[in-house]
There are 4 protein chains.
Amino acid sequence: MSPRTKEQFEEIRKESKDKILKVAVVLFAEKGYASTSISQISKNAGISKGLIYNYFESKEDLLRQMILGLFEEMMPRFDLKDIKKLTREKFIELTDVSLDIVYENPHRWRLYTSIFTQPGIMDLFKEDLLKLTMPFIPLFIEYFKEKGHKNPEAMLRYYSATLDGIQLHILMDIENFPLQDVRELLINQFA
Amino acid sequence: MSPRTKEQFEEIRKESKDKILKVAVVLFAEKGYASTSISQISKNAGISKGLIYNYFESKEDLLRQMILGLFEEMMPRFDLKDIKKLTREKFIELTDVSLDIVYENPHRWRLYTSIFTQPGIMDLFKEDLLKLTMPFIPLFIEYFKEKGHKNPEAMLRYYSATLDGIQLHILMDIENFPLQDVRELLINQFA
Amino acid sequence: MSPRTKEQFEEIRKESKDKILKVAVVLFAEKGYASTSISQISKNAGISKGLIYNYFESKEDLLRQMILGLFEEMMPRFDLKDIKKLTREKFIELTDVSLDIVYENPHRWRLYTSIFTQPGIMDLFKEDLLKLTMPFIPLFIEYFKEKGHKNPEAMLRYYSATLDGIQLHILMDIENFPLQDVRELLINQFA
Amino acid sequence: MSPRTKEQFEEIRKESKDKILKVAVVLFAEKGYASTSISQISKNAGISKGLIYNYFESKEDLLRQMILGLFEEMMPRFDLKDIKKLTREKFIELTDVSLDIVYENPHRWRLYTSIFTQPGIMDLFKEDLLKLTMPFIPLFIEYFKEKGHKNPEAMLRYYSATLDGIQLHILMDIENFPLQDVRELLINQFA
DNA sequence: GATGAATGAGCATTCATTCAT
DNA sequence: TATGAATGAATGCTCATTCAT
């Protein structure tokens, strides 16, 4: 009977929302966005179908919020905020984080790859993600330029393509992927 | 007996089937497999829904036949059949073909990436594709071993991951991708 | 090139039609009328779908012609044409034929029961069948009247209901049905 | 938590489910299971197609639940639970109930006969129904044995076949069937 | 007579979304 | 806030039937 405080409500909201998002990440990653139903999400989260629409405008909105949330959660792992210039050490650390991050939460990563290679869906996030990553591009360009590369922009493309390819291959065979060997090759080549 | 000869029927069949496959490649590539309906395919192909089931047992079968067909169409481009040993020249040629192939038919390539990163779908082809590619793995291992790499298996992983990553990035920004520069980096590193 | 004679055509027609009917009896009996497709019939008969429509106006017409054909084929087994009056011997013979007929062609019989208990379908034949059986009703009525039954019409109903029930039960468990014992009970009671 | 109590939901569910079942009995009886569409059922019940799948897993499940429900509803009419031994009176009562039951709800009975003579469908229930009826078989065997029949098992077969045949004939001509006369014949013969 | 490609209405089923409570 | 009954459009698929050859 006692009315709940604003804070209590806020907490309840956050809890429910987090639960939904957590469950949805796993399901979307395992079965794909289009093949996961709101019904399944609600069942797995132990809540009612209707409640999901209390927190998200639509299934698409749920996907959007989820992806952005995951991204925001991931960015601090790179600890790039106050970096003005990339040292070799920092570059290696970033590379390591990029690889570790896949092993830490393969579900999430599988979700990323399935989303970002899915035609049409990618468009929902392109802009937001660009906004998040753009500030750091000059750091890498500068890094490669200082290393003496004539075309540092191309080098950055090459580096990020390689990184993406490796992340993909880790997912494809997470148990047998020769992480240490590949990491070494990667560092030797780019750092 | 027959009003049309077997050959006539065969031709009609081939024509219709090809039209369906052609339309389906584009739609699957543009909107994804799960989000493309049989109805849309039939509409775009200018035929009736039912006819598709005259040629394919199911939507899944359509996808399967399409992917395998595209693969078989692609394999000869690499001209690997009679190769017993990879020379540097051949290795470079293969690398070039791997890049060119994306530009030649981005639709098809987008389809590949969307299919092979889509959870659950990949399983339909894993075996078939393994069977097609497996014979050539030793060639590459041998190549890297002769080049003096201590761990040629890891090197092959690294190489193919890099290649996949680049193909992905080409698709993501096909107009601005610095193909020549990246190609050079790739060859310098692996060939 | 030589034109076929009318008789030859007639023969071809009859052969094809018989083949279709024969296959359809089995399929309808095994899977039911509604669940058997024209396509299956044509496949099992080794002919084309279209040909069926050369001989039958529709699926329903096929059913109609089949049932009536089977009936006409069955009637002579009872050899009732020239009977003016039922003797006890003839009555017993008719009863025996009624039972034997089920064992001789369970497919056909299963078809009958499935058709005649199927709402809506029965109506297609009611009239035709009545026309075929009606002439013999008085014979049975007379038979029971002579045996001293006060209500021979009711007795006929009782007799034919019993017969139908037994035929049904034979079909339900054709291997274990105690035919001889039941036959004896039947004869003792009605003959 | 809940806006409606569990009981309220239960009631709503029961009401909808009953309405669906009620409509489906009639339609299945009139047109047959295979020829009745979910769409027709929903239309006749005044609800949406989708709702049916809220209560039944599939069309087959709907049939299953319906048949078993009807059976369970019917069994108490025979009041056999506590019977240890069949008296003549009880036997006659059971026979009467078996006949009355058809008149009470011809729709339901037509459904039974159409279902149980329909190839393939019967299999869905065979086991369940056997489980329900098996316990009472010995009672009848004992009854016929005590009446001096040498082969009481055959006698039971004969009795139940006769009963089934009569039920069938009642359905075929419910208005003119001479129930009283036939009932008398039946009782004279078996009781 | 005979073929089978082609049609399109219809089917069982799924699912994002709404809404009364 | 939270529920789940209810909707209806859409999906993959089937099938009786037509028709050019």
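Residue indices begin from 1 for each chain and proceed along its sequence in written order. Working convention: letters from A go to chains and numbers from 1 go to ligands, in the order in which they are written. Local features in this predicted model are restricted to residues whose pLDDT is 70 or higher, and side-chain atom pairs enter the listing and the counts only when it is 80 or higher, whereas totals over whole chains, interfaces and linings include all residues. Side-chain descriptors were evaluated using all non-hydrogen atoms of the structure, hydrogens and water having been removed beforehand.

As a further point, take the relation of the copies chain A and chain B. For the pair of chain copies, the relating transformation is a rotation about an axis with a translation along it. Overlaying chain A with chain B gives an RMSD of 0.3 Å, the required rotation being 179° about an axis along which the chain moves by 0.1 Å. Within this description, the copies of the chain are treated as partners about a two-fold rotation axis. Judged by C-alpha distance, Gly 165 of chain A is the residue of chain A that lies nearest the rotation axis, at 1.8 Å. For the least-squares superposition of copies, only C-alpha atoms count, and only for residues with pLDDT at least 70 in both.

Turning next to the interface of chain C and chain D. Residue contacts follow a heavy-atom distance rule, with two residues in contact if any of their heavy atoms lie within 4.5 Å. The partner chain D presents 37 residues to the 37 residues of chain C that form the contact. Note on chain C versus chain D: buried area summed over both sides is about 2,800 Å², and carbon and sulfur give 62% of it. Summed over the three residues of chain C that lose the most area to chain D, namely Pro 119, Arg 157 and Tyr 158 of chain C, the buried surface amounts to 23% of that side. By convention in these notes, a salt bridge is any Lys or Arg side-chain nitrogen within 4 Å of a carboxyl oxygen on Asp or Glu. In this assembly, chain C and chain D are joined by two salt bridges. A salt bridge links Asp 173 of chain C to Arg 157 of chain D; the nearest nitrogen and oxygen atoms lie 2.9 Å apart. What qualifies as a polar contact is a pair of N or O atoms within 3.5 Å, subject to a donor-acceptor requirement within protein and to the restriction that residues adjacent in sequence count only when both atoms come from side chains. Joining chain C to chain D, the criterion identifies ten residue pairs in polar contact (both at pLDDT 80 or more). Mapped onto the side of chain C that touches chain D, the elements with two or more residues apiece are helix H1 (6-31), helix H6 (106-116), helix H9 (152-172) and helix H10 (179-190) of chain C. Think of it this way: any DSSP run of H or I at least four residues long counts as a helix, any run of E at least two long counts as a strand, and we number them from the N terminus. Top contributing element to the side of chain C that touches chain D by residue count: H9 of chain C, with twelve residues. For the side of chain C that touches chain D, a count of residues per class yields 16 nonpolar, 14 polar and seven charged. Summed over both partners, buried area is the accessible surface (1.4 Å probe) that two parts give up on being assembled. In this count, Pro and Cys sit with the nonpolar residues alongside Ala, Val, Leu, Ile, Met, Phe, Trp and Tyr, while Asp, Glu, Lys and Arg are called charged and the others, Gly among them, polar.

Turning our attention to the interface of chain A and chain B. Contacts between the two partners involve 37 residues from chain A and, on the opposite side, 37 residues from chain B. Across the interface of chain A and chain B, roughly 2,800 Å² is buried in total on both sides, 62% from carbon and sulfur atoms. A per-residue breakdown of the area chain A buries against chain B is headed by Pro 119, Arg 157 and Tyr 158 of chain A, which together make up 23% of the total. Contributions of two or more residues to the side of chain A that touches chain B are made by helix H1 (6-31), helix H6 (106-116), helix H9 (152-172) and helix H10 (179-190) of chain A. The element best represented in the side of chain A that touches chain B is H9 of chain A, accounting for twelve residues. The residue makeup of the side of chain A that touches chain B, split by class, is 16 nonpolar, 14 polar and seven charged.

A word on the protein's contact with DNA strand F. Lining the immediate surroundings of DNA strand F are 43 residues, of which Pro 3 and Tyr 53 of chain B, Ile 38 of chain C together with Arg 13 and Tyr 55 of chain D lie closest. Here a phosphate oxygen of DNA strand F sits 2.8 Å away from a polar atom, N or O, in the main chain of Ile 38 of chain B. Here Lys 49 of chain B contributes a side-chain N or O atom positioned 3.0 Å from a base nitrogen of DNA strand F. Residue assignment for the surface near DNA strand F shows that the elements contributing at least two residues are H1 and helix H3 (49-55) of chain A, helix H2 (38-45) and helix H3 (49-55) of chain B, helix H3 (49-55) of chain C together with helix H1 (6-31) and helix H3 (49-55) of chain D. In terms of residue class, the surface near DNA strand F is built from 17 nonpolar, 17 polar and nine charged. Being near a molecule or strand, for a residue, means having at least one of its heavy atoms within 4 Å of it.

Turning our attention to helix H9 (residues 152-172) of chain D. At 3.6 residues per turn, the α-helix brings residues three or four places apart onto the same side. Given the number of residues in a helix, its expected span is that number minus one, multiplied by 1.5 Å. Along its 21 residues, H9 of chain D runs 30 Å from first to last C-alpha, staying within 8% of the 30 Å computed at 1.5 Å per residue. Using a 1.4 Å probe on the protein chains alone, a residue whose accessible area is under 20% of its type maximum counts as buried, one over 50% counts as exposed, and one in between counts as partly exposed. With 16 of its 21 residues buried, H9 of chain D lies for the most part within the structure.

Size of an interface, as often reported, equals the accessible area lost when the parts are brought together. All names here are of chain A. You can read the domains of chain A as domain 1 (1-56) and domain 2 (63-190). Domain delimitation follows an automatic or database domain assignment. The centre of domain 1, based on its C-alpha atoms, is set 29 Å off from the matching centre of domain 2. Across the interface of domain 1 and domain 2, roughly 870 Å² is buried in total on both sides, 78% from carbon and sulfur atoms. The three residues of domain 1 that bury the most area against domain 2 are Val 25, Ala 29 and Tyr 33, which together make up 51% of that side's buried surface. Summed over the shared surface of domain 1 and domain 2, the result is zero salt bridges. If you look at where domain 1 meets domain 2, you find one residue pair in polar contact (both at pLDDT 80 or more). Looking at which element gives the most residues to the side of domain 1 that touches domain 2, the answer is H1, with eight residues. Of the residues assigned to the side of domain 1 that touches domain 2, the class counts are nine nonpolar, no polar and two charged.

Assignment of secondary structure puts Thr 95 of chain C in helix H5 (residues 88-104). Apart from the residues lying within four places of it in its own chain, the contact partners of Thr 95 of chain C are Tyr 159, Leu 163 and Leu 186 of chain C.

Moving on, we come to the environment of Lys 17 of chain D. By the secondary structure assignment, Lys 17 of chain D is in helix H1. Between the C-alpha atom of Lys 17 of chain D and that of Phe 71 of chain D, which follows or precedes it by 54 residues, the distance is 17 Å.

With that settled, the discussion passes to a nonpolar patch on the surface. Together, Leu 130, Met 134 and Ile 137 of chain A make up a nonpolar patch on the protein surface, roughly 270 Å² of accessible area in all. Summarising the element assignment, Ile 137 of chain A is placed in helix H8 (residues 137-146). Distance thresholds for patches are 9 Å for like charges and 5 Å for nonpolar side chains (Val, Leu, Ile, Met, Phe, Trp, Tyr), applied to residues having over 30% relative accessible area and no salt bridge. Accessible surface is estimated by sampling points in the Shrake-Rupley manner with a 1.4 Å probe; for residues, cover comes only from the protein chains shown.

Only the six-membered ring of Trp is used, alongside the rings of Phe and Tyr, when aromatic pairs are assigned; centres must lie within 6.5 Å, and planes under 30 degrees apart are stacked while those over 60 apart are edge-to-face, with the rest tilted. Overall, the coordinates contain 56 aromatic pairs over all chains when judged by the stated rule. A ring pair is formed by Phe 28 of chain A and Tyr 33 of chain A, whose centres lie 5.2 Å apart and whose planes are at 80°; its orientation type is edge-to-face. Between Phe 71 of chain C and Tyr 112 of chain C, the ring centres sit 5.7 Å apart and the planes meet at 75°, which makes this aromatic pair edge-to-face. Here Tyr 112 of chain C lies in helix H6 and Phe 71 of chain C lies in helix H4 (residues 59-78), a separation of 41 residues in the sequence. Judged by relative accessible area, Tyr 112 of chain C falls into the buried class, the value being 4%. In textbook terms, an aromatic cluster arises when at least three aromatic residues are bridged by ring pairs, as seen for Phe 91, Phe 140, Tyr 143, Phe 144, Tyr 158, Tyr 159 and Phe 190 of chain A. The rule for a charge over a ring is simple: NZ of Lys or CZ of Arg within 6 Å of the ring centre, and within 35 degrees of the ring normal. Across the ring face of Tyr 33 of chain A, the terminal group of Lys 59 of chain A is positioned such that the distance to the ring centre comes to 4.6 Å.

This brings us to the pattern of salt bridges. Residues and elements named next belong to chain A. A full pass over the atoms with the stated rule returns 32 salt bridges over all chains. Across the salt bridge formed by Lys 90 and Glu 93, the nearest N and O atoms sit 3.3 Å from each other. With Lys 90 and Glu 93 both in helix H5 (residues 88-104) and three residues apart, this pair spans about one turn of that helix.

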